[in-house]
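Okay, here's what each chain looks like letter by letter:
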Amino acid sequence: MAEKKKRADAVIIGYGWTGAIMAKTLTDAGLSVVALERGPARDTAPDFEYPRIIDELRYGVRGDLWQPLAKETVTVRHNLDEVAVPYRKYGSFVLGNGVGGAGVHWNGQLWRASPEDLRLRSHIEERYGKSFIPEDMTIQDYPVTFEELEPHFDHFEKVCGTSGVAGNLRGEIRPGGNPFEGARSDEYPTPPLPPIYAAELFEKATAELGYKSFPLPAATVTSKALSAAEIVLANSKTIHDATPNRFMMLRSSAVHVSGGRKSPDHAAPRGMSASGLKFSPSRKHKRRQ
Ligand SMILES: Cc1cc2nc3c(=O)[nH]c(=O)nc-3n(C[C@H](O)[C@H](O)[C@H](O)COP(=O)(O)OP(=O)(O)OC[C@H]3O[C@@H](n4cnc5c(N)ncnc54)[C@H](O)[C@@H]3O)c2cc1C
């Protein structure tokens, strides 16, 4: 006989980033939530333990974290005259599958949308004229502005645990960061990843040509000491509480791909997990350099 489960207030279909954030927000509001995920359940241990996590054949070649395209896929066409055909071989566009979704194998580059991204039609029309965008191109402005989203970008960067240099802090353009970004209300919670040798060469070469390079904004906690992200976690209700293992996964994968030199002072805290964190809660946290 079918097992009858307790009724839930909300059902979330798919448990990637979006589903997890919604689940946390709804449970914080006092609702009971069930998430239905089509792929396998995953947990920090044992799924992301070494050496299992570096199994290139399983993950890199056989795509164990991805949606199996033989079972279910999307169709693609390049223009309106083509017949849409099923996408059967992965290229750069990889679909997530299982708890954590595509966030399990993302690269941990944490770019904010720019003010121009969010009002792209207006921006292009102002810059190149109204006739520049072809009539059948459905490009639109978003219904939200950068200013409206900024507090949420800031919150997410602290909850997720990120590193970088603010290039535009409350309207002031600052050296070392991205001078083209929208105005931030705050710095990144931890300092940028230390440059690898290739990045040092790139920075030197571009500076000589008059360009401004900057470290990648990364979903990697670089400070060994308690980061601002952890202070936020300790003091507020956050997504972290609901999905501790997934956030651990995201952090480890980010450290992996970003290629930062792993010096003792800059390595992401080893074995850090929400349940294992030791907090000294204080809102008066100073950014550690
Ligand atoms: C290889 C790769 C690298 C990336 N790198 C970056 C990066 O560096 N920086 C960045 O910002 N972004 C990056 N991204 C994008 C980022 O990972 C995604 O935008 C983000 O994870 C999307 O989250 P989501 O919750 O919206 O969707 P998903 O993560 O796709 O989650 C959707 C979930 O729903 C489940 N699902 C789907 N259909 C059903 C169904 N019918 N029933 C039940 N469950 C279902 C899926 O299995 C999946 O778990 C990368 C993506 C990929 C693929």
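Treat the numbers as computed from the prediction; the structure is a model and nothing was measured. (Residues numbered from 1 in each chain as written. Predicted model: local features only at pLDDT ≥ 70, side-chain atom pairs only at ≥ 80, totals over all residues.)

Caption draft 1: How the structure looks around the overall build of the protein chain. When helices and strands are counted, the protein chain shows ten helices and six strands. A total of 289 residues make up the protein chain; the buried ones form 24% of that total. (Helix = DSSP H or I, 4+ residues; strand = E, 2+ residues; numbered from the N terminus. Buried ≥ 20, exposed ≤ 12 C-beta atoms within 10 Å, placed from the backbone.)

Caption draft 2: Here's a closer look at the nonpolar core. Ranked by size, the top nonpolar core spans six residues in total: Leu110, Cys160, Leu193, Leu216, Ala218 and Ala219. Counting residues in each nonpolar core, the second largest holds five residues, with Tyr15, Ala20, Ala23 and Val99 among its members. (Core = buried A, V, L, I, M, F, W, Y, C linked by C-beta atoms within 7 Å.)

Caption draft 3: Main features of unusual backbone geometry. In this model, Ala45 is joined to Pro46 through a cis peptide bond whose omega is 10°. With respect to the helices, strands and loops of the structure, Pro46 is situated in helix α2 (residues 44-47). Of note, the bond from Tyr50 into Pro51 is cis; its omega dihedral lies within 30 degrees of zero at 5°. For Pro51, the location among the structural elements is in the loop between α2 and α3 (56-61).

Caption draft 4: Up close: the pairing of strand β1 (residues 10-13). Pairing geometry for β1 and strand β2 (residues 33-36), over four bridges, is parallel. Counterpart to Ile12 in the pairing with β2 is Ala35. In this fold, the crossover linking β1 to β2 by way of helix α1 (residues 17-28) has right-handed handedness. (Pairing = 2+ DSSP bridges. Right-handed = clockwise from strand over helix to strand, strands pointing away.)

Caption draft 5: Local environment of the site of the ligand. Around the ligand sit 24 residues in total, of which Gly14, Gly16, Gly101, Trp106 and Asn107 are the nearest. Sort the elements by how many residues they give to the shell around the ligand and α1 lands first, with three residues. Broken down by class, the residue content of the shell around the ligand amounts to eight nonpolar, 14 polar and two charged. Composition of the shell around the ligand by domain shows at least three residues from each of domain 1 (1-105) and domain 2 (107-289). (Near = placed C-beta within 6 Å. Nonpolar A, V, L, I, M, F, W, Y, C, P; charged D, E, K, R; others polar. Domains from an automatic or database assignment.)

Caption draft 6: How the structure looks around helix α7 (residues 197-208). Under the 1.5 Å per step criterion, the end-to-end length of α7 is 17 Å for twelve residues, consistent within 8% with the ideal 16 Å. Burial analysis of α7 places just zero of its twelve residues in the buried class, which makes it a mostly uncovered element. Downstream of α7 by one or two residues, Gly210 has phi in the positive range, about 90°. (Expected span 1.5 Å × (residues − 1).)

Caption draft 7: Spotlight on the confidence of the model for the protein chain. Mean pLDDT over the protein chain works out to 80, with 77% of the residues at or above the 70 mark. Note on residues 234-289: pLDDT under 50 across the span, and 98 contacts to partners over four residues away in sequence or across chains. (pLDDT = per-residue confidence, 0-100. Contact = placed C-beta atoms within 7 Å.)

Caption draft 8: Molecular detail of the environment of Ala10. Along the polypeptide, Ala10 turns up in strand β1. Look at Ala10 and you get partly exposed, because 14 C-beta atoms sit within 10 Å. In sequence terms Ala10 and Ala23 are 13 residues apart; their C-alpha atoms lie 8.7 Å from each other. Those residues in contact with Ala10 that sit more than four places away from it in its chain are Leu26, Leu31 and Val33.

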